[in-house]
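Breakdown of the fold
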Amino acid sequence: MLSVDIRCDLPDFSLDLQFQVERDILVLFGPSGCGKTTTLRSIAGLVKPDAGRIILDGKVFFDAAAGIFAPPRERQIGYMFQDFALFPHMNVQKNIWYGVKQHGEAAQEMYEKLLGLLKIGHLGARRVGQLSGGEKQRVALARALMAEPKLLLLDEPLSSLDKATRLELQAELMEMQKLWKIPFVLVTHDPDEAETMGGKVLFLEQGRQVAAKR
Amino acid sequence: MNGAANTLKGLYIPAVLGLAWLAGSHFSLWNSYIIPPPAEVAAAFWQISSDGSLAKHLLTSVYRVFVGFCAAFLLAFPLAVLLGMFSRLSAYFDITLEALRHIPPLATIPMLILWFGIGELPKLMIVVMATFFPIFFNTLHGVASCDGKLVEVARSFGLTRREIFRRVVLPASLPSVMVGLRLGLGYSWRALVGAELIAASSGIGYMILDAQQLSRPDLVIIGILTIGVMGTLIDLLFFALTQRLIPWKVGESTDYGRG
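Scope of this entry: the structure provided in the associated data block.

A few words now on the pattern of salt bridges. Residue and element names in this part refer to chain A. What the rule picks out here adds up to 15 salt bridges over all chains. Its salt-bridge partner being Arg-53, residue Asp-63 comes within 4.0 Å of it at the nearest N-O pair. A residue pair is termed long-range when its members are at least 10 positions apart, and Asp-63 in strand S5 (residues 59-63) and Arg-53 in strand S4 (residues 51-56) qualify at ten residues. Its relative accessible area of 11% is what places Asp-63 among the buried residues. The partner of Glu-172 in a salt bridge is Arg-138, and the shortest N-O contact between them spans 3.0 Å.

Put into structure tokens, the structure is as follows:
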């Protein structure tokens, strides 16, 4: 279970947010600039909140009162971005293996399983520049899951895709979540996407939760 | 891309100019002292090629460019990486570098001669000064504009700062670095010839000046053409190197860095 209770003082307002998510999908929904991405970055350890606590499965990532701040590399978190953030100088296969620490049979099995599930088996040798948007995001998903994260953060993962691809990938993301059984925290400003994906949706405005759907 | 056909297209203009030169000299459209006929230049070229003096001057110049270029790289690259990765440092360097950037290397020659005589050192320093800034600013630009998201991905995968530099920042900035190296090489070659015009006893620049004093325009023309041809060859070499080192950029960037 991921439990978040943080305060971040941003230039224009203060982000103040509490939520918990089991092995399920939580959607953070709200207009741009409402603090969604800052929340994800706090969970990943890329920014340090000003107060509060972040705990994943009993492991304390951040506790302002106790002075605990685990660096990103100790958190085992997968992170996906809207613009994919794939490494342009590597081919698909190398990108997917990027976060793997122990190469072995288990990792190879996982790799083949992911390629099969995401239908990207034929792309291994391609360069990132030769992929379509949907393919790129599938590769990014495979890369994130290959590192065996305990939690996956998705920052507007489908916003730059066309509608058909977006619907397809929504289904795939939900399927992967069921298979992997880890919490997904997904940020979006698309109400339809929030509706479809969210087991639980938090509506944010100016750094505060204004509503919730369970 | 259609390489051979494009090379051929590129040779049209030199061929037309060459023909105009040939025809103009043949029909005496100009004084043969002001523009010596191709045959005379070819004869002079043959002569200084066979007695080895052209090769000697050329080697001297190439050697100076090579040493100066390497030295400039060793200075500019680490400094640019340092300032690119630790942007707080740049406040200390900005004004100094900006002021130095505007000084043409050739303007420093009188002081260099005063301090270091007319040996190899001042010429190498000219090359270093001319090469430093293109390498420095392009590397800095490459490092500083590396996609922050890529760095964040690497951080959340648990890479250390050093690994992030080697596996993310360096590959991402390599295209810019190559542009810098290519521009730097062009600048250094030009600056060097200028330096040799003023204070040298060998090198292509010296050869041109010497020919001027001996009233040998044919040798001057050979010198000028040699500079142009050498510059083009070095640039082509660099282009090939760029394609090998950063193949993922080929196609979107085959022309960049042409200075």
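Let's shift gears to the nonpolar core. In terms of nonpolar packing, the biggest core is built from 81 residues, with A:Leu2, A:Phe19, A:Leu153 and A:Val185 touching the most fellow members. It is helix H9 (residues 161-198) of chain B that provides the largest number of residues to this core, a total of eleven residues. Not counting residues within four places of it along the chain, the set of residues in contact with A:Val185 comprises A:Leu2, A:Val21, A:Leu26, A:Leu28, A:Leu40, A:Leu151, A:Leu152, A:Leu153 and A:Leu154. Residues A:Met110, A:Ile120, A:Leu123 and A:Leu173 belong to the second largest nonpolar core, which totals 41 residues.

For the rest of this paragraph, the subject is helix H8 (residues 148-156) of chain B. Listing the buried residues of H8(B) in full gives B:Leu150, B:Glu152, B:Val153, B:Ala154 and B:Ser156. One or two residues past the end of H8(B) sits B:Gly158, with phi positive at roughly 90°.

Residue and element names in this part refer to chain A. If you trace the backbone, Met-80 turns up in strand S7 (residues 77-80). Between the alpha carbons of Met-80 and Gln-137 there is a distance of 8.3 Å; along the sequence they are 57 residues apart. Beyond its immediate chain neighbours, meaning those up to four positions away, Met-80 contacts Gln-137, Ala-140, Leu-141, Ala-144, Leu-152, Leu-153, Leu-154, Asp-155 and Pro-157.

Our next topic: the pairing of S5(A). All names here are of chain A. Here four bridges tie S4 to S5, and the two strands are oriented antiparallel to one another. Residue pairing in the sheet places Leu-56 in a bridge with Lys-59 of S5. With two bridges connecting them, S5 and strand S6 (residues 68-69) associate as antiparallel partners. From the neighbouring strand, Asp-63 faces S6, where its bridge partner is Ile-68. Counted between consecutive antiparallel strands, the loop separating S5 from S6 contains four residues, among which Gly-67 sits at a positive phi close to 70°.

Definitions and limits used
Residues numbered from 1 in each chain as written. Chains lettered and ligands numbered in written order. Predicted model: local features only at pLDDT ≥ 70, side-chain atom pairs only at ≥ 80, totals over all residues. Heavy atoms only, no water. Salt bridge = Lys/Arg side-chain N within 4 Å of Asp/Glu carboxyl O. Helix = DSSP H or I, 4+ residues; strand = E, 2+ residues; numbered from the N terminus. Buried < 20%, exposed > 50% of the residue type's maximum accessible area, 1.4 Å probe, protein only. Core = buried A, V, L, I, M, F, W, Y, C linked by side-chain atoms within 4.5 Å. Contact = heavy atoms within 4.5 Å. Pairing = 2+ DSSP bridges.

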